[in-house]
Amino acid sequence: MKKILYIGNKLNKHGYSETSVETLGKLFSKEGYTVYSFSDKKNLFFRFIEMGYKVILYKKKSDYLIIDTYSTLSFYYAFLCSQLARVLQFKYIPILRGGDLPARLKKNPKLCKLIFINSVVNIAPSNYLLEKFKDKGYFNVAYIPNVLEIKNYLFKERKSFRPKLLWVRSFASIYNPKMAVDVLFQLKKKYPDAVLCMIGPDKDGSLLQTRKYAESLNLEVEFTGGMSKKDWISKAKEYDIFINTTHFDNTPVSVMEAMALGLPVVSTKVGGIPYLLEDQLDALLVSDGNVEQMVQAIEYCVENSIKAQKIALNARKKVEKFDWNVVKEQWKSILT
């Protein structure tokens, strides 16, 4: 089997959510691939340095370099590692993770060209990014979706839906966590028993800001901080509706997980979300930042349980297509 050097942010041990380098890397290993993965350095500067060093060190030990490629600061480690790989003649494959990568294509076209033109292939986990990259002239792009191991997600069939809301994401301004608090504030006017649980580690100070914002509105919101996947999946049983408030997105795994668990999803229709979810069929979609629309969508689920059940069931059927046992065959065709 092939040997893979996988570069990404391995920060779970520091209290952050698991990223693809941690989850997908493990799945590759189970299939018999030898996987070397970096970096788990918490400091951004030292993480970048280690990533570049490992590309040099592991070039002779590996057949492929896979790089999780984001749209914000982490974009620059993808640039660094890809250009080292070019010099070393090391075959590399960027996985397009950042929901705002289309903006990066416009902002830094020369840097993007150096990364994406010279790769073996660019993997788009959503048809949204596949389309946007092809629009910019990048035709060496293949669609391989984010994956779940469906066996780990027990579908809970709900007969009724209460205004018990679950939000799961890293706390960052691009994910607009304050909107979830605003939604709860409005919901409580009609449903005094409405509750909100927000699960995720802090990324840019937004956790404290959101907590203080909830306190300013005299709202009780449960902030759990980061939780292991196993623990938050267990906790999800207590809730009936999943909300996703993000400004930018690609194909968020937390949304896919909610779909697998039987939680009807109410999400902003941004980035790759409309490519993942179909309004009224397997989710309810609202405009970016529109609190009123999200409240109305939640009320719709609460007051139309049969429709909410159908949405949840359709979502589960869709996400089953992203099971690793299905998707791994696409990866095997790439890593030949």
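Residues numbered from 1 in each chain as written. Predicted model: local features only at pLDDT ≥ 70, side-chain atom pairs only at ≥ 80, totals over all residues. Heavy atoms only, no water.

Engineer: What is the right way to look at the overall build of the chain in this model?
Structural biologist: Looking only at helices and strands, the chain has 14 helices and twelve strands in total. Expressed as lengths along the three principal axes of its C-alpha atoms, the size of the chain is roughly 60 × 40 × 35 Å. Just so you have it, the chain exposes about 15,000 Å², and 52% of that area is on carbon and sulfur atoms. Here the chain contributes 51 positively and 34 negatively charged side chains, and the mean placements of these two sets differ by 7 Å. (Helix = DSSP H or I, 4+ residues; strand = E, 2+ residues; numbered from the N terminus. Areas by Shrake-Rupley, 256 points an atom, 1.4 Å probe, with all protein chains shown as cover. Lys, Arg positive; Asp, Glu negative; His and termini not counted. Charge placed at Lys NZ, Arg CZ, Asp CG, Glu CD.)

Engineer: So what exactly am I meant to see when it comes to the sheet that holds strand 9 (residues 222-225) here?
Structural biologist: Ordered in space as 9-8-7-10-11-12, the six strands form an open sheet in which the pairing is parallel. Here the strands that pair on one side only, and so sit at the sheet edges, are strand 9 and strand 12 (284-286). Neighbour-to-neighbour, the strand axes of the sheet open up by a mean angle of 20°, direction not taken into account. With three bridges joining them, strand 11 (residues 265-268) and strand 12 adopt parallel strand pairing. Residue pairing for strand 12: serine 267 is matched across the bridge by leucine 285. Contacting strand 7 (164-168), strand 10 (241-244) and strand 11, helix 10 (residues 253-261) crosses the sheet at an angle of about 165° to strand 10. (Pairing = 2+ DSSP bridges. Axes fitted to C-alpha atoms, helices over the stretch in contact; angles between N-to-C directions. Contact = heavy atoms within 4.5 Å.)

Engineer: I would appreciate a short explanation of the side chain of serine 62 in the present structure.
Structural biologist: Looking at the element boundaries, serine 62 is found in the loop between helix 2 (44-58) and strand 3 (64-69). A distance of 3.1 Å separates the side chain of serine 62 from the backbone oxygen of tyrosine 58, its partner in a polar contact. With residues near it in sequence (within four places) discarded, serine 62 still touches Lys3, Ile4, Leu5, Tyr36 and Phe90. (Polar contact = N/O pair within 3.5 Å; in protein donor to acceptor, adjacent residues only side chain to side chain.)

Engineer: Teacher, can you tell me more about the nonpolar core here?
Structural biologist: Soluble globular proteins tend to bury their nonpolar side chains together. One finds Val183, Leu196, Met198, Ile243, Val266 and Ile298 to be the most contacted residues of the largest nonpolar core, which totals 35 residues. Excluding its chain neighbours within four sequence positions, the residues that come into contact with leucine 196 are Leu165, Trp167, Ala180, Val181, Leu184, Val221, Glu222 and Ile243. (Core = buried A, V, L, I, M, F, W, Y, C linked by side-chain atoms within 4.5 Å. Buried < 20%, exposed > 50% of the residue type's maximum accessible area, 1.4 Å probe, protein only.)

Engineer: What should I look at first to understand the environment of lysine 10 in this one?
Structural biologist: With respect to the helices and strands, lysine 10 occurs in the loop between strand 1 (3-7) and helix 1 (20-30). In this structure, the C-alpha to C-alpha distance between lysine 10 and threonine 246, residues 236 residues apart in sequence, is 23 Å. Apart from residues no more than four positions distant in its own chain, lysine 10 is found in contact with Val21, Glu22, Ser37, Phe38, Ser39 and Asp40.

Engineer: Just checking my understanding: could you explain the packing of helix 3 (residues 75-88) against helix 5 (residues 109-116) for this structure?
Structural biologist: The angle between the axes and the distance between the axes are what describe a pair of packed helices. One way to put it is that helix 3 packs onto helix 5 with a least axis distance of 9 Å and a crossing angle of 50°. By the angle between their directions, the pair helix 3 and helix 5 is classed as oblique. Crossing hand, helix 3 versus helix 5: left-handed. Contacts between helix 3 and helix 5 involve Phe75, Tyr76, Ala78, Phe79, Ser82, Gln83 and Arg86 from the first element and Leu111, Cys112, Leu114 and Ile115 from the second. The residue inventory of the contact of helix 3 with helix 5, partitioned by class, reads eight nonpolar, two polar and one charged. (Parallel < 35°, antiparallel > 145°, perpendicular 65-115°, else oblique. Left-handed = near helix turned anticlockwise from the far one by under 90°. Nonpolar A, V, L, I, M, F, W, Y, C, P; charged D, E, K, R; others polar.)

Engineer: It is not clear to me how the environment of methionine 51 should be interpreted in this structure. Could you clarify?
Structural biologist: On the secondary structure map, methionine 51 appears in helix 2. On the basis of relative accessibility, which here comes to 0%, the residue methionine 51 falls in the buried class. With 267 residues separating them in the primary sequence, methionine 51 and lysine 318 have C-alpha atoms 36 Å apart. Ignoring sequence-local partners within four residues, the contact set of methionine 51 consists of Ile7, Gly8, Asn9, Phe38, Ser39, Tyr77 and Cys81.

Engineer: Would you mind showing me how to read the packing of aromatic side chains here?
Structural biologist: The geometry of an aromatic ring pair is captured by the separation of the ring centres together with the interplanar angle, meaning the angle of the planes. Taken as a whole and assessed by the stated rule, the structure comprises 14 aromatic pairs. Ring centres 5.0 Å apart and planes at 80° place the aromatic pair phenylalanine 116 and phenylalanine 133 in the edge-to-face group. Placement of the pair is phenylalanine 116 in helix 5 and phenylalanine 133 in helix 6 (residues 127-135), with a sequence separation of 17 residues. For phenylalanine 116, a relative accessible area of 0% puts it in the buried group. For phenylalanine 133, a relative accessible area of 0% puts it in the buried group. One aromatic cluster is present, formed by Phe28, Tyr33, Trp324 and Trp331 through successive ring pairs. Above the face of the tyrosine 58 ring, lysine 61 is positioned so that its terminal group lies 4.7 Å from the ring centre. Positioned above the aromatic ring of tyrosine 213, the side-chain terminus of lysine 178 is 5.4 Å from the ring centre. (Phe/Tyr/Trp six-rings, centres within 6.5 Å; stacked < 30°, edge-to-face > 60°. Lys NZ or Arg CZ within 6 Å of the ring centre and 35° of its normal.)

Engineer: What should I look at first to understand the pairing of strand 3 in this one?
Structural biologist: Regular strands place their side chains on alternate faces of the sheet. By the criterion of burial, strand 3 is predominantly enclosed, with six of the six residues buried. Burial along strand 3 is two-sided: Tyr64, Ile66 and Asp68 facing one way and Leu65, Ile67 and Thr69 facing the other are all buried. Sheet topology note: the strand 1/strand 3 ladder contains four bridges and is parallel. The partner of isoleucine 7 across the bridge, within strand 3, is isoleucine 67. In this structure, strand 3 lies alongside strand 4 (residues 92-96), joined through five bridges in parallel fashion. If you follow threonine 69 over to strand 4, its bridge partner there is leucine 96. Crossover connection from strand 3 via helix 3 to parallel strand 4: handedness right-handed. (Right-handed = clockwise from strand over helix to strand, strands pointing away.)

Engineer: Got a minute to help me understand the pattern of salt bridges in this structure?
Structural biologist: Charged atoms that come close allow side chains of opposite charge to pair. All told, the structure shown has 17 salt bridges when counted by the stated rule. Arginine 169 is the partner of aspartate 249 in a salt bridge, and the nearest nitrogen-oxygen pair spans 2.8 Å. Of this pair, aspartate 249 sits in the loop between strand 10 and helix 10 while arginine 169 sits in the loop between strand 7 and helix 7 (177-190), and the two are 80 residues apart along the sequence. Owing to a relative accessible area of 3%, aspartate 249 belongs among the buried residues under this scheme. Glutamate 257 serves as the salt-bridge partner of lysine 229, at 2.6 Å between the closest nitrogen and oxygen. Of this pair, lysine 229 sits in helix 9 (residues 229-235) while glutamate 257 sits in helix 10, placing them 28 residues apart in sequence. Where salt bridges share partners, they join Glu31, Lys328, Glu329 and Lys332 into one cluster. (Salt bridge = Lys/Arg side-chain N within 4 Å of Asp/Glu carboxyl O.)

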